[in-house]
Amino acid sequence: MSVLAAVVEKPGVISLKEFARPSIGPEEALLKVEMGGICSTDVKILHGTFPSPYPIIMGHENLGWIEEIGATAAKRFGVKVGDRVVVESSVPCGSCFYCLTGGYRFCEDALSYGTRVSCNEPPHLWGGYAEHMYLSPRTAGIYKISSRIPAEAAVLITTVIANGVQWLRRLGGAQIGDTAVIVGAGPQALGCVAAARESGVGQIIVLGLAVDKERLEMAREMGAHRTVNVEAEDAVEVVRAATGGRMADLVVEVSGSPKGVAQAIDLARKQGTVVLGGLTGTKTLTSLPVDKVVLNEVRLQGAFSKGTEAIRAAVQLAEERKYPFEKLVTHKFPLAEAEKAVKYVGRELPGANPIKVVLLPQR
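Residues numbered from 1 in each chain as written. Predicted model: local features only at pLDDT ≥ 70, side-chain atom pairs only at ≥ 80, totals over all residues. Heavy atoms only, no water.

**Student:** Got a minute to help me understand the overall build of the protein in this structure?
**Tutor:** Scanning the protein from terminus to terminus reveals twelve helices and 17 strands. The C-alpha atoms of the protein give a radius of gyration of 20 Å, which matches the 21 Å a tight globule of 363 residues would have. Considering the protein as a whole, with its 363 residues, one finds that 55% of them fall into the buried category. When contacts within the protein are restricted to residue pairs at least 6 apart in sequence, those whose partners lie at least 24 apart make up 70%. On the protein, the mean spot of the 40 positive side-chain charges and the mean spot of the 38 negative ones are 2 Å from each other. (Helix = DSSP H or I, 4+ residues; strand = E, 2+ residues; numbered from the N terminus. Rg over C-alpha atoms; globule rule 2.2 N^0.38 Å. Buried < 20%, exposed > 50% of the residue type's maximum accessible area, 1.4 Å probe, protein only. Contact = heavy atoms within 4.5 Å. Lys, Arg positive; Asp, Glu negative; His and termini not counted. Charge placed at Lys NZ, Arg CZ, Asp CG, Glu CD.)

Printed below as a string of structure tokens:
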């Protein structure tokens, strides 16, 4: 039996290929992919600006059903054939310094679904841009979820929702009554809005551009108290007025814009926290007002991905159905249009201005 997948053959080129369905051992599993999310990392892989091996099957935001699973894996992950699950993208070694000290996200010998393993060698199917995906014995986590959660919400659990929990609450330390400013209005920002509401944040202010009109409207629907088009309003003055001059307790930067990073420092109060979750590119130099950081004792916190605790919280948040996460998915494409879908995320096609794009891999 063959499995159809969309393969990035080389930078700029995606084609459909068929692979042999892998044999599954006691510690492995096979996922029938229901839906796969597309993020900006996929755009970078397609264009050769992210260090991935080619050819590669992308897709690290995956929802599906367990179609086959070995006995050891079933016991380890607590799932069985037929269960609907989301899969953590991390594939750590389990034995390096970081794995042994609880930081498996920084594994020194990490693999990762959809980003770090070529499809040249069996079992080939290391990404969700395919009808089926191979699940390694090293998989960090497989999480069972209810069939009542809309697929459009479930596919966001291990990324958008979990990152919001990790970045705003676990790393940012959001407290009841805080003022939190989120710089950026993409899917990650919207996940942070939900996490802020759950944390009891008193004022949630989201910054975006004029082109982000629909995203800012969604931010308000998710629970933001105020949104700002930074091309029409002075964000610093808006936050100053909202806080009586004190500025924000917490700023989360998810725009990936060098200007956004610099402005985040201006938005934070003395001894406030700035969480940097947006990637600006390895060759981009960002101007940072160091004197303001020093004199105001601003705490800078980098934010890379999320861990088991954040994903478990995200599963619970999605199960509770308190937030319209499914509305974040604005565009769906079949597997045959994977290249178009990725370019849509990158806003490379006429009229492309999505919030979240997903693939539907099943024929």
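Still more ground to cover, so stick around.
**Student:** Just to check I follow, could you spell out helix 6 (residues 187–198) for this structure?
**Tutor:** An α-helical segment advances 3.6 residues per turn. Residues three or four places apart therefore align on the same side. Here helix 6 spans 17 Å end to end across twelve residues, near enough to the 16 Å set by a 1.5 Å rise per residue. Taken across its twelve residues, helix 6 has nine buried, putting it largely inside the fold. Buried residues of helix 6: Pro187, Ala189, Leu190, Gly191, Cys192, Val193, Ala194, Ala195 and Ala196, and no others. Those residues of helix 6 hidden inside the fold are in contact with helix 5 (157–171), strand 10 (179–183), strand 11 (203–208), helix 7 (213–222), strand 13 (248–253) and strand 17 (356–360). Remark: Gly200 follows helix 6 within two positions and exhibits a positive phi of approximately 80 degrees. (Expected span 1.5 Å × (residues − 1).)

**Student:** Got a minute to help me understand a nonpolar patch on the surface in this structure?
**Tutor:** Together, Leu288, Val290, Val294, Leu295 and Leu300 make up an exposed nonpolar region whose accessible area comes to about 460 Å². With three residues, helix 10 (residues 290–295) is the single largest residue contributor to the nonpolar patch. When you line up the elements, Leu288 lands in the loop between strand 14 (268–276) and helix 10. (Patch = residues over 30% accessible without salt bridge, like charges linked within 9 Å, V, L, I, M, F, W, Y side chains within 5 Å. Areas by Shrake-Rupley, 256 points an atom, 1.4 Å probe, with all protein chains shown as cover. Salt bridge = Lys/Arg side-chain N within 4 Å of Asp/Glu carboxyl O.)

**Student:** It is not clear to me how the packing of aromatic side chains should be interpreted in this structure. Could you clarify?
**Tutor:** Scanning all chains against the criterion turns up seven aromatic pairs. With a centroid separation of 5.6 Å and 55 degrees between ring planes, the pair formed by Phe333 and Tyr344 is classed as tilted. Of this pair, Phe333 sits in strand 16 (residues 329–334) while Tyr344 sits in helix 12 (residues 338–345); the two residues are eleven residues apart in sequence, bridging distant segments of the chain. You can call Phe333 buried: its relative accessible area is 7%. Residue Tyr344 is classed as buried on the basis of its relative accessible area, which comes to 13%. Site record: aromatic cluster; members linked through ring pairs are Phe97, Tyr98, Phe106 and Phe304. (Phe/Tyr/Trp six-rings, centres within 6.5 Å; stacked < 30°, edge-to-face > 60°.)

**Student:** Before we go on, may I ask you to explain the pattern of salt bridges in this structure?
**Tutor:** A side chain of one charge can pair with a side chain of the opposite charge when the charged atoms of the two come close. As enumerated under the stated definition, the model contains 20 salt bridges in all. The salt bridge involving Glu34 is made with Arg84; its shortest N-O contact spans 3.0 Å. Taken together, the residues span a long stretch of sequence, with Glu34 in strand 3 (residues 29–38) and Arg84 in strand 5 (residues 84–87) at a distance of 50 residues. Given a relative accessible area of 7%, Arg84 falls into the buried group. Taking the shortest distance from any N to any O, the salt bridge between Lys80 and Asp83 comes out at 3.1 Å.

**Student:** What am I meant to see in helix 11 (residues 308–320) here?
**Tutor:** When the terminal C-alpha atoms of helix 11 are compared, their 19 Å separation across 13 residues agrees well with the 18 Å that a helix rising 1.5 Å per residue should span. Those residues of helix 11 that are buried lie in contact with strand 9 (142–144), helix 5 and helix 6. Arg321 lies just past helix 11 and shows a positive phi near 60 degrees.

**Student:** How should I be thinking about the pairing of strand 16 in this particular structure?
**Tutor:** On a regular strand, one side chain projects to one face of the sheet and the next to the other, so that they alternate. By the bridge criterion, five bridges tie strand 16 to strand 17 in an arrangement that is parallel. Paired with Phe333 across the strands is Leu359, a residue of strand 17. Viewed along the sheet, the connection from strand 16 through helix 12 into strand 17 turns out right-handed. (Pairing = 2+ DSSP bridges. Right-handed = clockwise from strand over helix to strand, strands pointing away.)

**Student:** What is the right way to read the sheet that holds strand 12 (residues 226–229) from this model?
**Tutor:** Two modes of strand pairing occur in sheets, parallel and antiparallel, and in both the strands are linked by backbone hydrogen bonds. Read across the sheet, six strands follow the order 12-11-10-13-14-15 without closing on themselves; strand pairing throughout is parallel. Sheet topology places strand 12 and strand 15 (299–302) at the edges, where each strand pairs with a single neighbour. The sheet shows a mean angle of 20 degrees between the axes of neighbouring strands, taken without regard to direction. As judged from the four bridges shared by strand 10 and strand 13, these two strands associate in the parallel manner. Its bridge partner being in strand 13, Ile182 is matched across the sheet by Val252. Seen against the sheet, helix 8 (residues 235–242) touches strand 10, strand 11, strand 12 and strand 13 and runs at an angle of roughly 175 degrees to strand 11. (Axes fitted to C-alpha atoms, helices over the stretch in contact; angles between N-to-C directions.)

**Student:** Explain the side chain of Thr179 here, please?
**Tutor:** By the secondary structure assignment, Thr179 is in strand 10. For Thr179, the side chain forms a polar contact with the side chain of Gln203, separated by 3.2 Å. Once residues within four sequence positions are removed from consideration, Thr179 is found in contact with Val201, Gln203, Ile205, Thr243, Arg246, Ala248, Asp249 and Leu250. (Polar contact = N/O pair within 3.5 Å; in protein donor to acceptor, adjacent residues only side chain to side chain.)

**Student:** Teacher, can you tell me more about the pairing of strand 1 (residues 2–10) here?
**Tutor:** The pairing of strand 1 with strand 2 (residues 13–20) spans eight bridges and is classified as antiparallel. Of the residues in strand 2, the one forming a bridge with Ala6 is Leu16. Adjacent in sequence and paired antiparallel, strand 1 and strand 2 are bridged by two residues, among which Gly12 carries a positive phi angle near 90 degrees.

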